[in-house]
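# Chains, contacts and geometry: an overview
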Amino acid sequence: RSIGENIQLLVDRPDGCYCFRLHKDRVYYVSERILKVATSVPGDKLVALGTCFGKFTKTQKFRLHVTALDYLAPYAKYKVWVKPGAEQSFLYGNHVLKSGLGRITENTAQYQGVVVYSMADVPLGFGVAAKSTQDCRKVDPMAIVVFHQADIGEYVRHEDTLT
């Protein structure tokens, strides 16, 4: 939902072919070269393979992990920039309020997946637009405009469980 048809750019890269693989409810992004080497390891002994993009919950919903941010951010179709004062709040796991919204990509629909950036164009995490671009213009300053999904602060908060 965040990058749309740009997913093809992740698979066919100049440095080789990459693919997505499901292993123990987690989706990994891995080069085909490493995938061939990994076939010699039994599946029950394999801990991880490549970069974890996310996992399927027990209700079979897919949740993006922050480890996918560096790969998805350059291809994001919908982006949100937060003001410097709201960056820390987002990095602590809070939603983005209208008062902390710097900019938003035009024509962002409600419930669309977005990549959250600082005003200096540093990717901070993922979210879901709580309001469309048009609704953001006329909403109360304390209203939530982006629901938090994942952020780079998780590297510190959940370093023991991130794979």
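Chains are numbered independently. Their residues run from 1 in the order of the written sequence. The model is predicted, so local features are restricted to residues of pLDDT at least 70 and side-chain atom pairs to those at 80 or more, both for listing and for counting; the totals for chains, interfaces and linings are taken over all residues. To get the side-chain values, all heavy atoms of the structure are used, and hydrogens and water are removed first.

## Observations concerning the UniProt feature "domain: PUA" (unreviewed entry) in the chain
What counts, and what does not: UniProt positions are given in the numbering used here, feature names are shortened, and annotations may be inferred rather than shown by experiment. Numbering of helices and strands runs from the N terminus; a helix is a DSSP stretch of H or I covering at least four residues, while a strand is a stretch of E covering at least two.
Under the feature "domain: PUA" (unreviewed entry), the UniProt entry names residues 78-153. Helix makes up 17% of residues 78-153 and strand 41%, and the two end C-alpha atoms of the span are 21 Å apart.

## A few points about a nonpolar patch on the surface
Keep this limit in mind: Residues enter a patch when their relative accessible area is above 30% and they make no salt bridge; the linking distance is 9 Å between like charges and 5 Å between nonpolar side chains (Val, Leu, Ile, Met, Phe, Trp, Tyr). Values of accessible area rely on a 1.4 Å probe in the Shrake-Rupley scheme; residue burial ignores everything except the protein chains shown. Salt-bridge detection follows one rule: a side-chain nitrogen of Lys or Arg within 4 Å of a carboxyl oxygen of Asp or Glu. Only protein chains enter the calculation, and the probe is 1.4 Å; a residue is then buried if its accessible area is under 20% of its type maximum, exposed if over 50%, and partly exposed in between.
A contiguous nonpolar surface patch, about 260 Å² in accessible area, is contributed by Tyr111, Ile144 and Phe147. Along the polypeptide, Tyr111 turns up in the loop between strand S8 (101-104) and strand S9 (113-118). For Tyr111, a relative accessible area of 47% puts it in the partly exposed group.

## Quick look at the domain arrangement of the chain
As a measure of interface size, the accessible area lost when the parts come together is often cited. Which entries qualify depends on this criterion: Domain extents, as shown, originate in an automatic or database domain assignment. The contact criterion used is simple: two residues touch if any of their non-hydrogen atoms lie within 4.5 Å. Buried area: the accessible surface (1.4 Å probe) lost by two parts on joining, summed over both. Any pair of N or O atoms that falls within 3.5 Å is considered a polar contact. Within protein, one atom must be able to donate a hydrogen and the other to accept it, and sequence-neighbouring residues count only if both atoms are side-chain atoms.
Under the domain assignment, the chain is made up of domain 1 (7-70) and domain 2 (77-158). On a C-alpha basis, the centres of domain 1 and domain 2 stand 26 Å from each other. Taken together, the seven residues of domain 1 in the interface contact eleven residues of domain 2. Counting the surface lost from both domain 1 and domain 2, the interface buries some 750 Å², and carbon and sulfur atoms represent 70% of this. Taken as a group, Leu64, Val66 and Leu69 account for 73% of the area that domain 1 buries against domain 2, more than any other trio of residues on that side. The tally of links from domain 1 across to domain 2 stands at zero salt bridges. Seen at the junction of domain 1 and domain 2, the total is one residue pair in polar contact (both at pLDDT 80 or more).

## Focus on the packing of aromatic side chains
Here is the rule: Ring pairs are drawn from Phe, Tyr and Trp, using the six-membered ring of Trp, whenever the two centres fall within 6.5 Å, and their geometry is named by plane angle: stacked under 30 degrees, edge-to-face over 60, tilted for the rest. Put simply, a charge is over a ring when the Lys NZ or the Arg CZ is close to the ring centre, within 6 Å, and near the line of the ring normal, within 35 degrees.
Counted according to the given criterion, the structure contains eight aromatic pairs. A centroid spacing of 5.2 Å and a plane angle of 65° characterise the contact between Tyr29 and Tyr71, whose relative ring orientation is edge-to-face. With Tyr29 in strand S3 (residues 26-31) and Tyr71 in helix H3 (residues 69-72), the pair connects residues that are 42 residues apart, well separated along the chain. Classification of Tyr71 as partly exposed rests on a relative accessible area of 28%. Members of the aromatic cluster, each reached through a chain of ring pairs, are Tyr18, Phe20, Tyr29, Phe53 and Tyr71. For the cation-ring pair, Arg13 lies above Tyr18, with the distance from its terminal atom to the ring centre recorded as 4.0 Å.

## Focus: the side chain of Ser31
Note on placement: Ser31 falls in strand S3. Aside from chain neighbours lying at most four places away, what touches Ser31 is Cys17 and Tyr18.

## Quick look at the pattern of salt bridges
Per the counting criterion, the structure on display carries two salt bridges. Asp15 is the partner of Arg13 in a salt bridge, and the nearest nitrogen-oxygen pair spans 2.8 Å. Residue Arg137 is joined to Glu106 by a salt bridge in which the shortest nitrogen-to-oxygen separation is 2.7 Å. Remark: Glu106 occurs in the loop between S8 and S9 and Arg137 occurs in helix H5 (residues 133-137); sequence separation between them is 31 residues. With a relative accessible area of 53%, Arg137 lands in the exposed category. Glu106 gets classed as partly exposed once you look at its relative accessible area, which sits at 45%.

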